[in-house]
Amino acid sequence: MSTSRPLLDVRDLRVDYDVAGAASWRRRTLTVVRGVSFTIDPGETYGLVGESGSGKSTTGRAILRLADVSGGSVRFDGEDLASMPRRTPLSYRRAVQAVYQDPAASLNPRHRVGRAVVETLARHGVRGREARDRAALWFERVGLTAEHMSRFPTQMSGGQLQRVAIARALVLEPRLVVCDEAVSALDLSTQSQIINLLRDLQEASGVSYLFITHDLGVVRHVSHRVGVLKKGELVEQGTTSEIFDAPRHEYTRKLLAACPAAHPAGRDERRAVRVARRAAARAA
Ligand code: ADP
Ligand code: MG
């Protein structure tokens, strides 16, 4: 693994969407991400924050090749995504995974949850006994048991389902996981359990995360570095303490002021997170 080269290098990224104009037969171009540049190193968590509609998910989608790169470049491990075939190579799909806000939405309600992980392995050539064993191992790594594999989604809590989604994302041993609002729908104590789990898995495997969230409290807990998106533009980026302790941009200050848990004034909320985390650690 190279130490001098970032794992992900996003440079001057622009993403345009074609939308219906005022007159519906006329299409117009909407630029929702403009001139965004950042890097993520191996083993690093980069937090991307901003209000709803600021282009966070679109940035993640461009990296996942679910949205077209209209300008600039995205390089993964030195390779420009634009030079890849239109149909994303299996090797890239394996290396870059995603975890979304609603795990139930990506699980078939009629399938036992273990199957989602086993089928992910099958798509990448791991089948039969080996796939089942590896899936069981990952259920344990994410704090579930092999017994949970035979449950249906409705028989699990939101936090447990998110653990399944994390097992499915990590079972292929990716190098980057795009976590798009991955803990936003969870209650506070489940949120800190999942954050701790992601951190433990990162320490064990060296995986990198692009952690997308509107929640500054969350981003502060998970990120090594943070970028602040406003209307498609990255207005500020820096280490987590630079952004939270000495924000330079007016917009960052405004976001911080609106989020008590991420702000010095929000000591009670921060304490609540710590207490919840300790309780979770005791319960584990
Ligand atoms: P965020 O994740 O920060 O809330 P998004 O990246 O989802 O923001 O959206 C950024 C902007 O792009 C929003 O104005 C949204 O309405 C618009 N948008 C998102 N997806 C599409 C699409 N497929 N077609 C047209 N516009 C879109
Ligand atoms: Mg989003």
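The structure under discussion appears in the preceding block.
Conventions used here
Residues numbered from 1 in each chain as written. Chains lettered and ligands numbered in written order. Predicted model: local features only at pLDDT ≥ 70, side-chain atom pairs only at ≥ 80, totals over all residues. Heavy atoms only, no water. Salt bridge = Lys/Arg side-chain N within 4 Å of Asp/Glu carboxyl O. Helix = DSSP H or I, 4+ residues; strand = E, 2+ residues; numbered from the N terminus. Buried < 20%, exposed > 50% of the residue type's maximum accessible area, 1.4 Å probe, protein only. Phe/Tyr/Trp six-rings, centres within 6.5 Å; stacked < 30°, edge-to-face > 60°. Lys NZ or Arg CZ within 6 Å of the ring centre and 35° of its normal. Pairing = 2+ DSSP bridges.

S.K.: With reference to specific residues and values, describe the pattern of salt bridges.
M.R.: Counting across every chain of the model gives 13 salt bridges. Arg 225 serves as the salt-bridge partner of Glu 44, at 2.7 Å between the closest nitrogen and oxygen. Of this pair, Glu 44 sits in the loop between strand E2 (27–40) and strand E3 (45–49) while Arg 225 sits in strand E9 (residues 225–230); the two residues are 181 residues apart in sequence, bridging distant segments of the chain. Note on Glu 44: relative accessible area 10%, which makes it buried. Salt bridges here are not isolated pairs; linked through shared partners, they connect Arg 5, Asp 77 and Arg 175.

S.K.: I'd like a rundown of the packing of aromatic side chains, residues and numbers included.
M.R.: Applying the stated criterion across every chain yields a total of two aromatic pairs. Plain terms: the ring middles of Phe 38 and Tyr 46 are 4.6 Å apart, the flat faces sit at 10° to each other, and that makes the pair stacked. With respect to burial, Phe 38 and Tyr 46 carry one shared label: buried. Sitting over the face of the ring of Trp 138, Arg 141 holds its NZ or CZ atom 4.8 Å from the ring centroid.

S.K.: Kindly report on the pairing of strand E1 (residues 8–20), identifying the contributing residues and their values.
M.R.: In this structure, E1 lies alongside E2, joined through 10 bridges in antiparallel fashion. Opposite Asp 16, over in E2, you have Thr 31 as the bridge partner.

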